[in-house]
Amino acid sequence: MSETVQGPRLEAVDLECIRDDRTLFSGLHFGISAGEALVLEGQNGSGKTTLLRILCGIRLAEAGRVLWNGKDIHRLGPEYHEHLAYLGHKNGNKLDLTPLENLRMAQGLGKPRAGADLERVLDEVDLYGFEDVPTRNLSAGQQRRLAIARLLATESTLWILDEPFTSLDRQGIEKMQGLFNRHLAQGGMAAMTTHHRMDFGAAPVVRIDLSERAQA
């Protein structure tokens, strides 16, 4: 039974995942609270993306539970999903829309961040001046930054990120890392996979290497 905690908390309790008759992980426990990050490490095929999808509620684990503030996420349903934003391998941008239209659509589907100026949000990801350009005409790195901008335009406590720095150059990675750290400093939470070593500053980080948990 999870203990009562103050503020938002994400917990995994005794999670098990099996794929193609192979146990990727079992008996997995962890928890993060406001201002903390979870970083999943491991070789390709070790279950990093699968675990993120379990945390999102997109996939069911073979055993165990994911809890949000002590309650099972599948019982909470939409009440849980309104607190999270997911960025997977695909950007999820609408290519026929402009960056500004993409952000407006993201706000329409989710909860707009209070006081968010969308042009300023685009400026924060170095897309100012591209607000009216069809998204399909943006470079791969620009499209990834637009996907990150959707996180900034909406109100979500928990960011679940699968390789968020894909297609970004070193300068872009440093800029986006600063935005993630600001999210944590403001009481947000993040669960992510990344091949890039991140400096989270003073933020507490839980690191899990899934390669060490794989079973034949």
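The following refers to the structure shown. Here the residue numbers are simple positions, counted from 1 along each chain's written sequence. It should be noted that, the model being predicted, local features are given only for residues of pLDDT at least 70 and side-chain atom pairs only at 80 or more, the latter also being counted only at that level, while totals for whole chains, interfaces and linings use all residues. In computing side-chain values, all of the structure's heavy atoms are included and hydrogens and water are not.

### Quick look at the overall build of the protein
Keep this limit in mind: Only DSSP runs of H or I covering at least 4 residues are called helices, and only runs of E covering at least 2 are called strands; the numbering of each starts at the N terminus. As a reference, a globule follows 2.2 Å times the number of residues to the power 0.38, and the radius of gyration itself is taken over C-alpha atoms. Working definition of accessibility: Shrake-Rupley area with a 1.4 Å probe, residue cover restricted to the visible protein chains.
Looking only at helices and strands, the protein features seven helices and nine strands. In summary, the protein has a C-alpha radius of gyration of 17 Å against a globular reference of 17 Å for 216 residues, a match within 12%. Seen along its three principal axes, the alpha-carbon backbone of the protein occupies a region of about 50 × 35 × 35 Å. When the accessible surface of the protein is totalled, it reaches about 10,900 Å², and 45% of it is carbon and sulfur.

### As for the packing of helix α4 (residues 99-109) against helix α6 (residues 140-153)
For the record, the criterion: All axes are obtained by fitting lines to C-alpha atoms, using only the stretch in contact for helices, and the reported angles, taken between N-to-C directions, cover 0 to 180 degrees. Note on angle classes: values under 35 degrees are labelled roughly parallel, values over 145 roughly antiparallel, values of 65 to 115 roughly perpendicular, and the remainder oblique. Each crossing gets its handedness from the near helix: less than a right angle anticlockwise from the far helix is left-handed, clockwise is right-handed. In what follows, a contact means two residues having at least one pair of non-hydrogen atoms within 4.5 Å.
Remark: α4 packs on α6, axes separated minimally by 9 Å, with the N-to-C direction vectors making an angle of 40 degrees. One way to sum up the angle between α4 and α6 is to call them oblique. Considering how the two elements wind past one another, α4 and α6 form a crossing that is right-handed. In this structure, α4 uses Pro99, Asn102, Leu103, Ala106 and Gln107 to contact α6, whose residues at the interface are Leu146, Ala149, Arg150 and Ala153.

### Digging into unusual backbone geometry
The test is simple: For each residue, the accessible area found with a 1.4 Å probe, counting protein chains only, is set against the maximum for its type, and the residue is called buried under 20%, exposed over 50%, and partly exposed in between.
A positive phi angle is found at Asn69, which is not glycine, with a value near 55 degrees. Tracing the chain through its elements places Asn69 in the loop between β4 (63-68) and β5 (71-72). Residue classification places Asn69 among the partly exposed residues on the basis of a relative accessible area of 39%. Positive phi is not limited to glycine here, since Asp126 has a value of about 60 degrees. Its location among the elements puts Asp126 in the loop between α5 (118-124) and α6.

### What to know about the packing of aromatic side chains
Where we set the bar: For this analysis, a ring pair means two rings from Phe, Tyr or Trp (six-membered ring only for Trp) whose centres lie within 6.5 Å, classed as stacked if their planes differ by under 30 degrees, edge-to-face if by over 60, and tilted for the remaining angles.
Applying the stated criterion across every chain, the model contains three aromatic pairs. By way of ring pairs, the aromatic residues Trp159, Phe165 and Phe180 are connected into one cluster.

### Structural notes on the nonpolar core
Applicable threshold: Side-chain atoms within 4.5 Å link the members of a nonpolar core, which is a set of buried Ala, Val, Leu, Ile, Met, Phe, Trp, Tyr and Cys residues.
Residues Leu103, Phe180, Met192 and Phe200 are the most contacted members of the largest nonpolar core, which totals 33 residues. Listed by contribution, the elements that provide at least two residues to this core are β3 (37-41), β6 (84-87), α4, α5, α6, β7 (158-162), α7 (170-185) and β8 (189-193). Per element, the largest residue contribution to this core is seven residues, and it comes from α6. Beyond its immediate sequence surroundings of up to four residues, Leu103 is in contact with Leu118, Val121, Leu122, Leu146, Ala149, Arg150 and Ala153. Ile73, Leu84, Ile208 and Leu210 belong to the second largest nonpolar core, which has 28 residues in total.

### Quick look at α4
This is how it is decided: Throughout, the arc means that of the directions going from the helix axis to the C-beta atoms.
Restricting attention to buried positions, one finds in α4 the residues Pro99, Leu100, Asn102, Leu103, Ala106 and Gln107. Looking straight down α4, one finds that the buried residues subtend no more than 160 degrees of arc, so they occupy a single side. Opposite its buried face, α4 presents the exposed residues Arg104, Gly108 and Leu109, each directed more than 90 degrees away. Looking at the buried residues of α4, the elements they touch are α5 and α6.

These results come straight from atomic positions and should not be treated as a statement about function.
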